[in-house]
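Structural description and commentary
Spelled out from the first residue to the last, the chains are:
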Amino acid sequence: MSELHKFLFEGLPVRGIVVRLTDAWTEIQRRRAANTTTGAYAPPVRDMLGEMVAAAALMQSNIKFDGALVLQIFGDGPVKLAVVEVQPDLALRATATVTGDVAEQATLSQMVNVGNEGRCAITLDPTTKFPGQQPYQGVVPLVDAHERPLGSLSEVLAHYMRQSEQLEATLVLAANDQVAAGLLIQRMPVQGEANLAGSSGESAAHGADEEYNRIATLAGSLTREELLSLDVDTILRRLFWEEQVARFAPPAGAQGPRFACSCSRERVGRMLETLGREEAESILAEQGQIEVGCEYCGQQY
């Protein structure tokens, strides 16, 4: 079962989240693979999208936003667009549009950033909007300050979080055909840090940085294989066995991470009604049946 766990380091300005998606992730893949038009994702695309799903779940849980968080990657490679949407209750769905061949060992840059035109966008779309209110969107390139391509999604998103939240963050992400998982470690602001002055304030901020860097180094030692194969308890014990870790009860059931798409047979039926009888009969005469596929999850009706 898919799960998400939050934790704090007692006495330190550092917090963390671990997500491990199993049934939610395999359902996303199952629907795509069953689509007779698209077929399954190539392994590099699958793994990139899985990392995006894990990352989006981490970020939605981290900000506690009352609305949808939409993570997008788009660019100038064979993967034109990859999108993950996570609702406040951690219901999620994902899709990718692929228009060219993807090499078996393709990297992030080879899939979406061939000519350094790739971008990562995060959109926060509130559930309740004021008149004229637009969703908030932040966009960052898939390159660093020196125009060098960033090699991983975790680097891209850590860069985004430093820019948007002004807080250091470390992400470890991994995915395969069974699991999409991620670990987020983030430095929390020291109370009143922005107004600290003098040597005592500087000392407090420096100490917080050192504590974060130490925890981030431990988190960075987690390998892809460990993240995919170990359970959450083992991961936290393996990384932080010397730390005082306070854990929160994980959301479960309808409040836990799970797949959900807004498509349904009823919605498709209402859409067909708008075609009109003549148009529907024309399609039936030509093709023998009317088949409609959800552009987001790939489910066919």
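This section reports on the structure supplied with the text. In this text the structure is predicted, and so the values were computed from the model without any measurement.

1. Here's the deal with the packing of helix α1 (residues 23-34) against helix α2 (residues 43-63)
- Closest axis-to-axis distance for the α1/α2 pair is 11 Å, and the angle between their directions is 140 degrees. In terms of their interaxial angle, α1 and α2 are classed as oblique. Crossing handedness for the pair α1 and α2: right-handed. Here W25, I28 and Q29 of α1 lie close against α2, whose contacting residues are R46, L49, G50 and V53.

2. Let's talk about the packing of aromatic side chains
- In the structure shown here, the tally under the stated rule is 3 aromatic pairs.
- When the ring of F7 is compared with that of F240, the centres are 6.2 Å apart and the planes differ by 45 degrees; the resulting orientation is tilted. Placement of F7 in strand β1 (residues 3-9) and of F240 in helix α7 (residues 232-240) is noted, with a sequence separation of 233 residues between them.
- Note on F7: relative accessible area 1%, which makes it buried.
- With a relative accessible area of 2%, F240 lands in the buried category.
- Between the aromatic rings of F9 and F240, the centroid separation amounts to 4.9 Å while the plane-to-plane angle is 85 degrees, which identifies the pairing as edge-to-face. With F9 in strand β1 and F240 in helix α7, the pair connects residues that are 231 residues apart, well separated along the chain.
- Judged by relative accessible area, F9 falls into the buried class, the value being 2%.
- Among the aromatic residues, ring-to-ring pairing joins F7, F9 and F240 into one connected group.
- Between the NZ or CZ atom of R93 and the centre of the ring of Y296, over which it lies, the distance is 3.8 Å.

3. A closer look at helix α4 (residues 153-165)
- Spanning 13 residues, α4 covers 18 Å between terminal C-alpha atoms, matching the ideal 18 Å at 1.5 Å per step.
- Immediately beyond the C-terminal end of α4, within one or two residues, lies Q166, with a positive phi of roughly 60 degrees.

4. Considerations on α7
- Regarding α7, the residues found buried are V232, I235, L236, L239 and F240. Around the axis of α7, the buried residues are gathered within 90 degrees of arc, so they sit on the same side.

5. With respect to the environment of P88
- Its location among the elements puts P88 in the loop between β4 (79-86) and β5 (91-98).
- In the structure, P88 is positioned 25 residues away from I63 in sequence and 9.8 Å away in space, judged by C-alpha atoms.

6. Quick word on the sheet that holds β1
- In spatial order, the strands read β8-β9-β2-β1-β10; together these 5 strands make up an open sheet with antiparallel pairing. Edge strands, defined here as strands with exactly one partner in the open sheet, are β8 (169-175) and β10 (245-247). Sheet twist, expressed as the average angle between the axes of neighbouring strands with direction ignored, equals 15 degrees.
- One ladder, built from 6 bridges, connects β1 with strand β2 (residues 14-21); its direction is antiparallel. By the bridge assignment for β2, K6 is matched with I17.
- Along the sheet face, α4 touches β8 and β9 (180-187) and points at about 150 degrees away from the line of β8.

7. With respect to the pairing of β9
- Burial of β9 is extensive: 8 of the 8 residues sit out of reach of the surface.
- What you see with β9 is no split at all: A180, G182, L184 and Q186 on one side and A181, L183, I185 and R187 on the other are buried throughout.
- Looking at chain direction, β2 and β9 are connected through 8 bridges and run antiparallel. Of the residues in β9, the one forming a bridge with L21 is A180.
- Relative to β9, β8 runs antiparallel, the two being bridged by 7 bridges. The residue bridging A175 from the neighbouring strand is A180, located in β9.
- Connecting β8 to the antiparallel partner β9 that follows it, the hairpin turn spans 4 residues.

Quick notes on the rules
Residues numbered from 1 in each chain as written. Predicted model: local features only at pLDDT ≥ 70, side-chain atom pairs only at ≥ 80, totals over all residues. Heavy atoms only, no water. Axes fitted to C-alpha atoms, helices over the stretch in contact; angles between N-to-C directions. Helix = DSSP H or I, 4+ residues; strand = E, 2+ residues; numbered from the N terminus. Parallel < 35°, antiparallel > 145°, perpendicular 65-115°, else oblique. Left-handed = near helix turned anticlockwise from the far one by under 90°. Contact = heavy atoms within 4.5 Å. Phe/Tyr/Trp six-rings, centres within 6.5 Å; stacked < 30°, edge-to-face > 60°. Buried < 20%, exposed > 50% of the residue type's maximum accessible area, 1.4 Å probe, protein only. Lys NZ or Arg CZ within 6 Å of the ring centre and 35° of its normal. Expected span 1.5 Å × (residues − 1). Arc of directions from axis to C-beta. Pairing = 2+ DSSP bridges.

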